[in-house]
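Architecture at a glance
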Amino acid sequence: MAEVINMPHLSDTMTEGVVAAWHKKVGDTVKSGEILADIETDKATMEFESYFDGVLLHIGVEAGKAAPVDSLLAIIGKKGEDISALLKESAGSPVAKEEKKEVKEATEEKAVTPVKEEKVATSTVAPEARQASAAPKAAPAFAPARSANAEAAPENGRLKASPLARRLAEERGIDIKRVRGTGDDGRIVKQDIESYLAGGTAPLGVQEESFTEVPVSQMRKTIAKRLAESKFSAPHFYLTIAVDMSNAIATREAINKAVEPDKISYNDLVLKAAAMALRQHPKVNSSWLGDRIRYNEHVHIGVAVAVEEGLLVPVVRFANTKTLRTIGAEVREFAKRAKAKKLQPEDWEGNTFTISNLGMFGIDEFTAIINPPDACILAVGAIVDTPVVKNGAVVPGHVMKLTLSCDHRVVDGATGSAFLQTLKASLENPVLMLGAASI
(Lines give C-alpha, C1' and ligand atoms only; values in the text may rest on other atoms or scores of the structure.)
Protein backbone atom coordinates (compact mmCIF):
# COMPACT_ATOMS: atom_id res chain seq x y z
CA MET A 1 0.00 0.00 0.00
CA ALA A 2 1.25 3.45 -0.91
CA GLU A 3 2.53 5.64 1.91
CA VAL A 4 2.04 9.39 2.23
CA ILE A 5 4.99 11.50 3.41
CA ASN A 6 4.09 14.92 4.81
CA MET A 7 6.20 18.04 5.21
CA PRO A 8 8.12 17.32 8.44
CA HIS A 9 8.27 19.53 11.53
CA LEU A 10 12.03 20.02 11.76
CA SER A 11 12.26 22.83 14.32
CA ASP A 12 10.23 24.22 17.20
CA THR A 13 9.38 27.39 15.24
CA MET A 14 8.87 25.85 11.81
CA THR A 15 5.43 26.40 10.28
CA GLU A 16 6.34 25.73 6.65
CA GLY A 17 9.29 24.38 4.71
CA VAL A 18 10.84 24.93 1.31
CA VAL A 19 12.03 22.01 -0.79
CA ALA A 20 15.53 23.15 -1.67
CA ALA A 21 16.19 20.11 -3.88
CA TRP A 22 14.86 16.64 -4.67
CA HIS A 23 17.36 13.78 -4.70
CA LYS A 24 14.85 11.47 -6.36
CA LYS A 25 12.39 11.92 -9.22
CA VAL A 26 9.04 10.30 -9.89
CA GLY A 27 9.59 6.68 -10.91
CA ASP A 28 12.84 6.25 -8.99
CA THR A 29 13.27 3.43 -6.51
CA VAL A 30 13.62 4.65 -2.92
CA LYS A 31 14.97 2.76 0.06
CA SER A 32 14.33 3.55 3.70
CA GLY A 33 17.14 5.76 5.01
CA GLU A 34 18.01 7.23 1.61
CA ILE A 35 18.06 11.03 1.26
CA LEU A 36 14.81 11.99 -0.41
CA ALA A 37 15.05 15.79 -0.41
CA ASP A 38 16.74 18.83 1.15
CA ILE A 39 14.27 20.84 3.24
CA GLU A 40 14.94 24.49 4.07
CA THR A 41 13.50 25.39 7.47
CA ASP A 42 13.48 28.78 9.14
CA LYS A 43 17.00 28.16 10.46
CA ALA A 44 18.84 25.62 8.30
CA THR A 45 18.71 23.40 5.24
CA MET A 46 18.42 19.79 6.35
CA GLU A 47 18.57 16.43 4.59
CA PHE A 48 15.29 14.53 4.79
CA GLU A 49 15.39 10.74 4.69
CA SER A 50 12.70 8.41 3.38
CA TYR A 51 10.90 6.28 5.93
CA PHE A 52 9.79 3.67 3.40
CA ASP A 53 10.95 1.35 0.62
CA GLY A 54 9.25 1.60 -2.76
CA VAL A 55 8.92 3.77 -5.83
CA LEU A 56 8.45 7.54 -5.72
CA LEU A 57 4.95 7.85 -7.22
CA HIS A 58 4.18 11.51 -6.59
CA ILE A 59 5.93 14.75 -5.63
CA GLY A 60 3.61 17.16 -3.86
CA VAL A 61 5.95 20.16 -3.57
CA GLU A 62 8.21 21.22 -6.42
CA ALA A 63 11.81 22.22 -5.77
CA GLY A 64 11.99 25.84 -4.70
CA LYS A 65 8.39 25.91 -3.48
CA ALA A 66 7.11 26.26 0.10
CA ALA A 67 4.44 24.20 1.83
CA PRO A 68 2.99 24.14 5.38
CA VAL A 69 4.07 21.56 7.91
CA ASP A 70 2.02 18.31 7.54
CA SER A 71 1.00 19.06 3.95
CA LEU A 72 1.59 16.42 1.25
CA LEU A 73 5.27 16.15 0.37
CA ALA A 74 5.47 12.86 -1.52
CA ILE A 75 3.87 9.44 -2.01
CA ILE A 76 5.87 6.20 -2.10
CA GLY A 77 4.42 2.83 -3.08
CA LYS A 78 4.54 0.03 -5.63
CA LYS A 79 5.16 0.76 -9.27
CA GLY A 80 1.88 1.44 -11.10
CA GLU A 81 -0.15 1.63 -7.90
CA ASP A 82 -3.33 3.74 -8.01
CA ILE A 83 -2.86 6.75 -5.70
CA SER A 84 -5.88 8.80 -6.79
CA ALA A 85 -7.70 8.17 -3.51
CA LEU A 86 -4.69 9.38 -1.51
CA LEU A 87 -4.41 12.52 -3.61
CA LYS A 88 -8.11 13.21 -3.17
CA GLU A 89 -7.86 12.65 0.57
CA SER A 90 -4.84 14.94 0.78
CA ALA A 91 -6.64 17.66 -1.20
CA GLY A 92 -9.46 17.58 1.34
CA SER A 93 -7.20 17.86 4.38
CA PRO A 94 -7.40 20.96 6.63
CA VAL A 95 -3.91 21.99 5.53
CA ALA A 96 -4.81 21.81 1.85
CA LYS A 97 -8.05 23.72 2.43
CA GLU A 98 -6.15 26.45 4.28
CA GLU A 99 -3.69 26.70 1.39
CA LYS A 100 -6.54 27.06 -1.11
CA LYS A 101 -8.15 29.72 1.09
CA GLU A 102 -4.92 31.72 1.25
CA VAL A 103 -4.45 31.52 -2.53
CA LYS A 104 -8.06 32.63 -3.10
CA GLU A 105 -7.72 35.57 -0.69
CA ALA A 106 -4.44 36.62 -2.30
CA THR A 107 -6.01 36.46 -5.77
CA GLU A 108 -9.02 38.53 -4.70
CA GLU A 109 -6.74 41.06 -3.01
CA LYS A 110 -4.69 41.55 -6.17
CA ALA A 111 -7.69 41.74 -8.51
CA VAL A 112 -8.34 45.11 -10.17
CA THR A 113 -11.24 46.43 -12.24
CA PRO A 114 -9.87 48.12 -15.38
CA VAL A 115 -13.18 49.86 -16.08
CA LYS A 116 -13.18 51.61 -12.71
CA GLU A 117 -9.55 52.61 -13.07
CA GLU A 118 -10.27 54.08 -16.52
CA LYS A 119 -13.18 56.11 -15.14
CA VAL A 120 -11.02 57.55 -12.40
CA ALA A 121 -8.29 58.40 -14.88
CA THR A 122 -10.57 60.04 -17.46
CA SER A 123 -12.32 62.14 -14.84
CA THR A 124 -9.15 64.08 -14.14
CA VAL A 125 -7.68 64.65 -17.62
CA ALA A 126 -8.18 67.38 -20.17
CA PRO A 127 -10.82 67.05 -22.93
CA GLU A 128 -8.22 66.35 -25.61
CA ALA A 129 -6.84 63.52 -23.52
CA ARG A 130 -10.33 62.07 -23.16
CA GLN A 131 -10.67 62.14 -26.92
CA ALA A 132 -7.37 60.27 -27.30
CA SER A 133 -8.52 57.66 -24.81
CA ALA A 134 -11.39 56.76 -27.11
CA ALA A 135 -8.95 54.92 -29.39
CA PRO A 136 -9.86 51.26 -30.07
CA LYS A 137 -6.95 49.89 -28.02
CA ALA A 138 -7.54 50.37 -24.28
CA ALA A 139 -4.76 51.99 -22.27
CA PRO A 140 -3.30 49.98 -19.37
CA ALA A 141 -4.83 50.67 -15.97
CA PHE A 142 -1.42 51.64 -14.57
CA ALA A 143 1.08 53.42 -16.82
CA PRO A 144 4.67 54.26 -15.81
CA ALA A 145 5.10 57.84 -14.68
CA ARG A 146 7.06 60.11 -17.02
CA SER A 147 10.31 61.46 -15.56
CA ALA A 148 10.48 65.20 -15.00
CA ASN A 149 13.79 65.19 -16.89
CA ALA A 150 12.51 63.21 -19.88
CA GLU A 151 12.77 64.91 -23.25
CA ALA A 152 9.39 65.93 -24.70
CA ALA A 153 8.98 64.39 -28.14
CA PRO A 154 7.69 66.68 -30.91
CA GLU A 155 4.36 66.06 -32.50
CA ASN A 156 5.84 64.00 -35.34
CA GLY A 157 7.28 61.56 -32.72
CA ARG A 158 10.94 62.32 -33.55
CA LEU A 159 13.52 63.27 -30.95
CA LYS A 160 14.98 66.76 -31.33
CA ALA A 161 18.75 66.44 -31.86
CA SER A 162 21.30 67.95 -34.21
CA PRO A 163 22.85 65.64 -36.85
CA LEU A 164 26.27 66.03 -35.19
CA ALA A 165 24.84 65.09 -31.78
CA ARG A 166 23.18 62.01 -33.28
CA ARG A 167 26.42 60.92 -34.95
CA LEU A 168 28.46 61.42 -31.76
CA ALA A 169 25.91 59.46 -29.72
CA GLU A 170 25.97 56.61 -32.25
CA GLU A 171 29.79 56.51 -32.36
CA ARG A 172 30.06 56.47 -28.56
CA GLY A 173 27.28 53.94 -28.03
CA ILE A 174 25.07 56.37 -26.14
CA ASP A 175 21.29 55.98 -25.99
CA ILE A 176 20.44 59.50 -27.07
CA LYS A 177 17.07 59.27 -25.33
CA ARG A 178 18.93 59.37 -22.02
CA VAL A 179 20.49 62.78 -22.78
CA ARG A 180 18.69 65.98 -21.91
CA GLY A 181 18.93 68.70 -24.51
CA THR A 182 19.88 72.26 -23.64
CA GLY A 183 19.29 73.76 -27.09
CA ASP A 184 16.21 75.56 -28.35
CA ASP A 185 13.01 73.72 -27.39
CA GLY A 186 15.07 71.03 -25.66
CA ARG A 187 17.10 70.16 -28.76
CA ILE A 188 20.11 67.91 -28.08
CA VAL A 189 23.36 69.43 -29.33
CA LYS A 190 27.02 68.39 -29.41
CA GLN A 191 27.73 69.97 -26.01
CA ASP A 192 25.03 67.83 -24.35
CA ILE A 193 26.65 64.63 -25.64
CA GLU A 194 30.08 65.74 -24.46
CA SER A 195 28.73 66.70 -21.03
CA TYR A 196 26.97 63.36 -20.76
CA LEU A 197 30.25 61.54 -21.54
CA ALA A 198 32.28 63.64 -19.12
CA GLY A 199 29.72 63.53 -16.34
CA GLY A 200 29.66 67.30 -16.52
CA THR A 201 27.26 69.82 -15.07
CA ALA A 202 24.68 69.49 -17.82
CA PRO A 203 21.70 67.52 -16.46
CA LEU A 204 21.38 63.98 -17.68
CA GLY A 205 18.36 62.51 -19.37
CA VAL A 206 15.82 60.08 -17.97
CA GLN A 207 16.79 58.98 -14.47
CA GLU A 208 15.32 55.50 -14.31
CA GLU A 209 14.17 54.09 -11.00
CA SER A 210 15.13 50.47 -10.41
CA PHE A 211 14.90 47.86 -7.69
CA THR A 212 15.27 44.16 -7.07
CA GLU A 213 12.73 42.02 -5.26
CA VAL A 214 13.50 38.61 -3.79
CA PRO A 215 11.19 36.12 -2.08
CA VAL A 216 11.20 36.23 1.72
CA SER A 217 13.22 33.28 3.02
CA GLN A 218 11.92 30.94 5.67
CA MET A 219 14.51 32.34 8.09
CA ARG A 220 13.49 35.95 7.49
CA LYS A 221 9.79 35.06 7.84
CA THR A 222 10.44 33.50 11.23
CA ILE A 223 12.64 36.39 12.39
CA ALA A 224 9.88 38.84 11.43
CA LYS A 225 7.15 36.80 13.13
CA ARG A 226 8.97 35.95 16.37
CA LEU A 227 10.55 39.36 16.97
CA ALA A 228 7.33 41.20 16.14
CA GLU A 229 5.51 38.98 18.64
CA SER A 230 8.24 39.66 21.20
CA LYS A 231 8.35 43.41 20.68
CA PHE A 232 4.59 43.92 20.76
CA SER A 233 3.66 41.39 23.45
CA ALA A 234 6.53 41.74 25.94
CA PRO A 235 6.76 45.21 27.57
CA HIS A 236 10.43 45.99 26.95
CA PHE A 237 12.52 48.36 29.02
CA TYR A 238 16.25 49.02 28.72
CA LEU A 239 19.15 49.46 31.14
CA THR A 240 22.57 50.64 29.98
CA ILE A 241 25.83 50.52 31.93
CA ALA A 242 29.39 51.57 31.03
CA VAL A 243 32.19 49.11 31.80
CA ASP A 244 35.88 49.99 32.13
CA MET A 245 37.54 47.25 30.10
CA SER A 246 41.18 48.15 30.86
CA ASN A 247 41.75 45.15 33.14
CA ALA A 248 39.84 42.87 30.80
CA ILE A 249 42.08 43.93 27.91
CA ALA A 250 45.23 43.18 29.91
CA THR A 251 43.78 39.87 31.14
CA ARG A 252 42.86 38.75 27.63
CA GLU A 253 46.34 39.54 26.32
CA ALA A 254 47.92 37.55 29.15
CA ILE A 255 45.59 34.58 28.64
CA ASN A 256 46.16 34.49 24.88
CA LYS A 257 49.94 34.43 25.41
CA ALA A 258 49.55 31.59 27.87
CA VAL A 259 47.25 29.43 25.73
CA GLU A 260 48.77 29.94 22.26
CA PRO A 261 47.80 28.92 19.62
CA ASP A 262 44.34 29.06 21.18
CA LYS A 263 42.74 32.47 21.56
CA ILE A 264 39.84 33.90 23.48
CA SER A 265 37.79 36.91 22.40
CA TYR A 266 36.18 39.74 24.33
CA ASN A 267 32.86 38.12 23.52
CA ASP A 268 34.04 34.95 25.29
CA LEU A 269 34.83 37.03 28.40
CA VAL A 270 31.42 38.71 28.30
CA LEU A 271 29.66 35.36 27.85
CA LYS A 272 31.54 33.79 30.77
CA ALA A 273 30.91 36.79 33.03
CA ALA A 274 27.22 36.85 32.09
CA ALA A 275 26.87 33.13 32.78
CA MET A 276 28.29 33.55 36.27
CA ALA A 277 26.16 36.64 36.95
CA LEU A 278 23.03 34.72 35.91
CA ARG A 279 23.73 32.14 38.61
CA GLN A 280 23.60 34.96 41.16
CA HIS A 281 20.49 36.55 39.62
CA PRO A 282 18.13 33.72 38.61
CA LYS A 283 15.24 36.14 38.01
CA VAL A 284 17.10 37.40 34.94
CA ASN A 285 17.63 33.79 33.81
CA SER A 286 13.89 33.25 33.46
CA SER A 287 10.91 32.95 31.10
CA TRP A 288 7.35 34.28 31.00
CA LEU A 289 4.97 31.38 30.38
CA GLY A 290 1.64 33.18 30.58
CA ASP A 291 0.21 31.82 33.82
CA ARG A 292 3.57 31.19 35.48
CA ILE A 293 7.22 32.30 35.48
CA ARG A 294 10.01 29.78 35.04
CA TYR A 295 13.26 30.48 36.88
CA ASN A 296 15.93 28.37 35.20
CA GLU A 297 18.61 26.86 37.40
CA HIS A 298 20.73 25.90 34.39
CA VAL A 299 22.41 28.57 32.23
CA HIS A 300 22.04 28.11 28.46
CA ILE A 301 23.21 31.26 26.64
CA GLY A 302 22.14 31.93 23.06
CA VAL A 303 24.72 33.76 20.95
CA ALA A 304 23.37 35.77 18.02
CA VAL A 305 25.29 34.90 14.84
CA ALA A 306 24.86 37.00 11.69
CA VAL A 307 24.33 35.05 8.47
CA GLU A 308 23.44 36.23 4.98
CA GLU A 309 19.68 36.03 5.49
CA GLY A 310 19.47 37.24 9.08
CA LEU A 311 20.34 35.91 12.53
CA LEU A 312 20.69 32.48 14.05
CA VAL A 313 21.03 31.93 17.79
CA PRO A 314 22.94 28.74 18.64
CA VAL A 315 23.11 27.91 22.34
CA VAL A 316 26.14 27.41 24.60
CA ARG A 317 24.76 24.98 27.19
CA PHE A 318 25.72 25.10 30.86
CA ALA A 319 27.90 28.09 29.99
CA ASN A 320 28.75 28.83 33.64
CA THR A 321 30.53 25.45 33.93
CA LYS A 322 32.70 25.82 30.81
CA THR A 323 36.16 27.29 30.40
CA LEU A 324 36.86 30.32 28.25
CA ARG A 325 38.63 28.19 25.66
CA THR A 326 35.70 25.78 25.48
CA ILE A 327 33.23 28.64 25.11
CA GLY A 328 35.34 30.23 22.37
CA ALA A 329 35.72 26.97 20.46
CA GLU A 330 31.97 26.28 20.63
CA VAL A 331 31.00 29.77 19.45
CA ARG A 332 33.45 29.64 16.51
CA GLU A 333 32.17 26.22 15.49
CA PHE A 334 28.56 27.40 15.74
CA ALA A 335 29.34 30.45 13.60
CA LYS A 336 31.02 28.27 10.97
CA ARG A 337 28.10 25.83 10.83
CA ALA A 338 25.51 28.63 10.88
CA LYS A 339 27.00 30.28 7.80
CA ALA A 340 27.01 26.89 6.05
CA LYS A 341 23.38 26.22 7.17
CA LYS A 342 24.52 23.08 8.97
CA LEU A 343 23.08 23.78 12.42
CA GLN A 344 20.73 21.15 13.83
CA PRO A 345 17.58 21.81 15.93
CA GLU A 346 19.37 20.85 19.14
CA ASP A 347 21.94 23.59 18.44
CA TRP A 348 19.44 26.44 18.67
CA GLU A 349 16.85 25.26 21.19
CA GLY A 350 16.71 25.72 24.96
CA ASN A 351 18.23 29.19 25.48
CA THR A 352 17.58 30.85 28.85
CA PHE A 353 19.40 34.13 28.06
CA THR A 354 20.79 35.71 24.87
CA ILE A 355 23.78 37.89 23.99
CA SER A 356 23.98 40.01 20.83
CA ASN A 357 27.37 41.62 20.14
CA LEU A 358 27.73 44.31 17.47
CA GLY A 359 30.94 45.72 18.89
CA MET A 360 32.99 44.12 16.13
CA PHE A 361 30.97 46.18 13.63
CA GLY A 362 31.93 49.44 15.34
CA ILE A 363 28.57 49.94 17.07
CA ASP A 364 29.08 51.79 20.36
CA GLU A 365 25.66 51.13 21.87
CA PHE A 366 22.32 49.62 20.81
CA THR A 367 19.18 47.93 22.12
CA ALA A 368 18.14 44.41 21.16
CA ILE A 369 14.71 42.77 20.98
CA ILE A 370 14.20 39.95 23.48
CA ASN A 371 14.61 36.47 22.00
CA PRO A 372 11.66 34.35 23.21
CA PRO A 373 11.28 32.57 25.56
CA ASP A 374 14.00 34.54 27.39
CA ALA A 375 13.11 37.37 29.75
CA CYS A 376 16.25 39.38 28.86
CA ILE A 377 18.82 39.92 26.13
CA LEU A 378 22.21 41.66 26.50
CA ALA A 379 23.40 44.03 23.75
CA VAL A 380 27.20 44.43 23.68
CA GLY A 381 28.84 47.46 22.08
CA ALA A 382 32.40 48.20 21.00
CA ILE A 383 35.29 48.99 23.34
CA VAL A 384 35.84 52.70 22.80
CA ASP A 385 38.99 54.63 23.70
CA THR A 386 37.73 57.60 25.70
CA PRO A 387 38.91 59.88 28.53
CA VAL A 388 37.79 58.73 31.98
CA VAL A 389 38.21 60.13 35.46
CA LYS A 390 40.25 58.01 37.92
CA ASN A 391 41.35 59.22 41.33
CA GLY A 392 40.38 62.76 40.39
CA ALA A 393 42.46 62.80 37.20
CA VAL A 394 41.44 62.48 33.56
CA VAL A 395 43.23 59.50 32.00
CA PRO A 396 42.85 57.38 28.86
CA GLY A 397 40.15 54.75 29.26
CA HIS A 398 38.62 51.81 27.40
CA VAL A 399 34.85 51.83 27.85
CA MET A 400 32.31 49.28 26.66
CA LYS A 401 28.57 49.86 26.98
CA LEU A 402 26.18 47.03 27.79
CA THR A 403 22.41 47.36 27.38
CA LEU A 404 20.04 44.88 28.98
CA SER A 405 16.57 44.60 27.38
CA CYS A 406 14.11 43.28 29.97
CA ASP A 407 10.59 41.87 29.87
CA HIS A 408 8.88 43.95 32.56
CA ARG A 409 6.40 41.14 33.22
CA VAL A 410 9.28 39.14 34.72
CA VAL A 411 12.17 41.47 35.52
CA ASP A 412 11.97 44.80 37.34
CA GLY A 413 14.42 47.68 37.06
CA ALA A 414 16.17 46.92 40.35
CA THR A 415 16.60 43.25 39.40
CA GLY A 416 18.09 44.07 36.01
CA SER A 417 20.33 46.74 37.52
CA ALA A 418 21.71 44.35 40.13
CA PHE A 419 22.56 41.84 37.39
CA LEU A 420 24.40 44.52 35.40
CA GLN A 421 26.37 45.62 38.46
CA THR A 422 27.54 42.03 39.04
CA LEU A 423 28.44 41.67 35.35
CA LYS A 424 30.32 44.99 35.40
CA ALA A 425 32.30 43.97 38.51
CA SER A 426 33.37 40.69 36.88
CA LEU A 427 34.54 42.37 33.67
CA GLU A 428 36.36 45.19 35.45
CA ASN A 429 38.04 42.71 37.79
CA PRO A 430 38.37 39.46 35.79
CA VAL A 431 40.16 37.78 38.69
CA LEU A 432 36.75 37.55 40.37
CA MET A 433 35.50 35.13 37.73
CA LEU A 434 38.68 33.43 36.57
CA GLY A 435 40.78 30.66 38.00
CA ALA A 436 43.02 28.09 36.37
CA ALA A 437 39.98 25.86 35.78
CA SER A 438 38.09 28.70 34.09
CA ILE A 439 40.63 29.29 31.32
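For the structure itself, look to the data block above.
So, here's what we can say about the structure. Source: prediction; values computed, not measured.

So, how was this worked out
- The written sequence of each chain sets the order in which its residues are numbered from 1.
- The model is predicted, so local features are restricted to residues of pLDDT at least 70 and side-chain atom pairs to those at 80 or more, both for listing and for counting; the totals for chains, interfaces and linings are taken over all residues.
- Based on all heavy atoms of the structure, the side-chain values leave hydrogens and waters out of the count.
- Numbered from the N terminus, helices here are DSSP runs of H or I no shorter than four residues, and strands are runs of E no shorter than two.
- When checking whether two residues touch, look at their non-hydrogen atoms; a contact exists if any pair is within 4.5 Å.
- Side-chain atoms alone can form a polar contact between residues adjacent in sequence; in general such a contact is a pair of N or O atoms within 3.5 Å, and within protein one must be able to donate a hydrogen while the other accepts it.
- Per-residue accessibility, obtained with a 1.4 Å probe over protein chains only, is compared with the maximum for each type, and a residue is labelled buried under 20%, exposed over 50%, and partly exposed between these values.
- Any two strands with at least two DSSP-identified bridges between them are counted as paired.
- Stacked, tilted and edge-to-face pairs are distinguished by plane angle, under 30 degrees for stacked and over 60 for edge-to-face with tilted covering the rest, among Phe, Tyr and Trp rings (Trp via its six-membered ring) whose centres lie within 6.5 Å.
- Here, a charge over a ring is recorded when the distance from Lys NZ or Arg CZ to the ring centre is within 6 Å and its angle to the ring normal is within 35 degrees.
- Residue types Ala, Val, Leu, Ile, Met, Phe, Trp, Tyr and Cys, when buried and joined through side-chain atoms within 4.5 Å, form a set referred to as a nonpolar core.
- An axis is simply a line fitted to the C-alpha atoms; with a helix, the fit covers only the stretch in contact. Between two such axes, the angle follows the N-to-C directions and lies from 0 to 180 degrees.
- In this analysis, the expected span of each helix is defined as 1.5 Å times one less than the number of residues it contains.
- By construction, the arc corresponds to the directions joining the helix axis to the C-beta atoms.
- Any angle from 65 to 115 degrees is called roughly perpendicular, while one under 35 is roughly parallel, one over 145 is roughly antiparallel, and all others are oblique.
- Lys, Arg, Asp and Glu make up the charged group, whereas Ala, Val, Leu, Ile, Met, Phe, Trp, Tyr, Cys and Pro make up the nonpolar group; the residues left over, Gly among them, are polar.
- Charge counting follows a simple rule: Lys and Arg are positive, Asp and Glu are negative, and His as well as the terminal groups are ignored.
- Salt bridges are identified by distance alone: a Lys or Arg side-chain nitrogen within 4 Å of an Asp or Glu carboxyl oxygen.

1. A closer look at the environment of aspartate 407
Within the fold, aspartate 407 resides in strand E18 (residues 393-407). In sequence terms aspartate 407 and tryptophan 288 are 119 residues apart; their C-alpha atoms lie 8.3 Å from each other. The contact partners of aspartate 407, leaving out residues within four places of it in the chain, are Ala234, Pro235, Trp288, Ile370 and Ala375. A polar contact of 2.8 Å, which involves the side chain of aspartate 407, links it to the side chain of arginine 409.

2. A closer look at the pairing of strand E4 (residues 35-40)
Burial runs high along E4: five of the six residues are buried. Direction of pairing for strand E2 (residues 16-22) relative to E4: antiparallel, over a ladder of four bridges. Paired with alanine 21 across the strands is aspartate 38, a residue of E4. Of the pairings in the sheet, the one linking E4 to strand E5 (residues 45-49) comprises five bridges and is antiparallel in character. If you follow isoleucine 35 over to E5, its bridge partner there is glutamate 49.

3. Considerations on the environment of leucine 343
You can see leucine 343 is positioned in the loop between helix H10 (324-339) and helix H11 (345-348). For the pair leucine 343 and methionine 46, spaced 297 residues apart in the sequence, the C-alpha separation amounts to 8.6 Å. Residues within four places of leucine 343 in sequence aside, it is in contact with Ala44, Leu312, Pro314, Phe334, Arg337, Ala338 and Trp348.

4. Here we look at the packing of aromatic side chains
The full count for this structure, using the stated rule, is three aromatic pairs. With a centroid separation of 5.5 Å and 80° between ring planes, the pair formed by phenylalanine 48 and tyrosine 51 is classed as edge-to-face. Ring pairing ties together the aromatic residues Phe48, Tyr51 and Phe52, which thus form one cluster. Stacked on the ring of tyrosine 266, the Lys or Arg arginine 252 has its end atom at 4.4 Å from the ring centre.

5. Description of the nonpolar core
Core analysis: the largest hydrophobic core is formed by 74 residues, its most contacted members being Phe353, Leu378, Leu423 and Leu427. Per-element tally for this core: the top contributor is helix H9 (residues 266-280), with eight residues. Counting nine residues, the second largest nonpolar core, distinct from the first, contains Ala165, Leu168, Ile174 and Ile193.

6. Let's talk about the sheet that holds strand E15 (residues 315-316)
Taken in spatial order, the six strands of this open sheet run E9-E18-E17-E16-E12-E15, and their pairing is mixed. Each of the sheet's edge strands pairs with one partner strand only, and the pair in question is strand E9 (236-244) and E15. Relative to E15, strand E12 (residues 301-303) runs antiparallel, the two being bridged by two bridges. Bridge assignment links glycine 302 to a residue of E15, and that residue is valine 315. The sheet strands contacting H9 are E12, E15, strand E16 (353-357), strand E17 (376-390) and E18, and the helix crosses E16 at an angle near 155°.

7. A word on helix H7 (residues 218-233)
Compared with an ideal rise of 1.5 Å per residue, which puts 16 residues at 22 Å, H7 spans 22 Å between its outermost C-alpha atoms and is within 8% of the ideal. Here H7 has its buried residues at Gln218, Met219, Thr222, Ile223 and Ser230. Along H7, the residues classed as buried sweep out an arc of 130° about the axis, all on the same side. If you follow the buried residues of H7, they end up packed against E2, E4, strand E7 (66-68), E9, strand E13 (305-307) and strand E14 (310-312).

8. A few points about the sheet that holds strand E6 (residues 54-59)
Strand order in the open sheet formed by four strands is E1-E8-E6-E3, with antiparallel pairing between adjacent strands. Two strands close off the open sheet at either side, each with one partner strand: strand E1 (3-6) and strand E3 (29-30). Strands E1, E6 and strand E8 (72-77) of the sheet are contacted by helix H1 (residues 84-91), whose axis makes an angle of about 160° with E8.

9. As for the pairing of E18
Alignment of E9 against E18, held across nine bridges, turns out to be antiparallel. Residue pairing across strands places phenylalanine 237 opposite cysteine 406, the latter belonging to E18. Relative to E18, E17 is paired through 13 bridges, and the arrangement is antiparallel. Bridge pairing in E18 places valine 388 opposite valine 395.

10. What to know about helix H12 (residues 413-428)
Owing to its 3.6 residues per turn, the α-helix aligns residues three or four sequence positions apart on the same side. Between its first and last C-alpha, H12 extends 22 Å over 16 residues, near the 22 Å set by a 1.5 Å rise per residue. Taken together, the buried positions of H12 are occupied by Gly416, Phe419, Leu420, Thr422, Leu423, Lys424, Ser426, Leu427 and Glu428.

11. A closer look at unusual backbone geometry
Apart from glycine, the bulk of residues carry a negative phi angle, and the bulk of peptide bonds sit in the trans form. Looking along the chain, the bond that leaves glutamate 260 and enters proline 261 is cis, with omega of 5°. Put simply, proline 372 and proline 373 share a cis peptide bond, and its omega is 10°. The backbone of aspartate 70 shows a phi angle near 80°, a positive value even though the residue is not glycine. Considering the arrangement of structural elements, one finds aspartate 70 in the loop between E7 and E8.

12. Side note on the packing of helix H5 (residues 163-172) against helix H6 (residues 190-198)
Running from N to C, H5 and H6 cross one another at 25°; their axes reach a closest spacing of 8 Å. Considered as vectors, H5 and H6 are oriented roughly parallel to each other. Counting all contacts with H5, which are made through Leu164, Ala165, Leu168, Ala169 and Arg172, the residues of H6 involved are Lys190, Ile193 and Leu197. Residue composition of the contact of H5 with H6, by class: six nonpolar, no polar and two charged.

13. Let's talk about the side chain of aspartate 374
When you line up the elements, aspartate 374 lands in the loop between E16 and E17. Look at aspartate 374: it is buried, it has no salt bridge, and the nearest opposite charge is arginine 226 at 7.9 Å. Polar side-chain contacts of aspartate 374 include one of 2.9 Å to the side chain of asparagine 351. A polar atom in the side chain of aspartate 374 sits 3.4 Å from the backbone nitrogen of phenylalanine 353. With residues near it in sequence (within four places) discarded, aspartate 374 still touches Ser286, Asn351, Thr352, Phe353 and Thr354.

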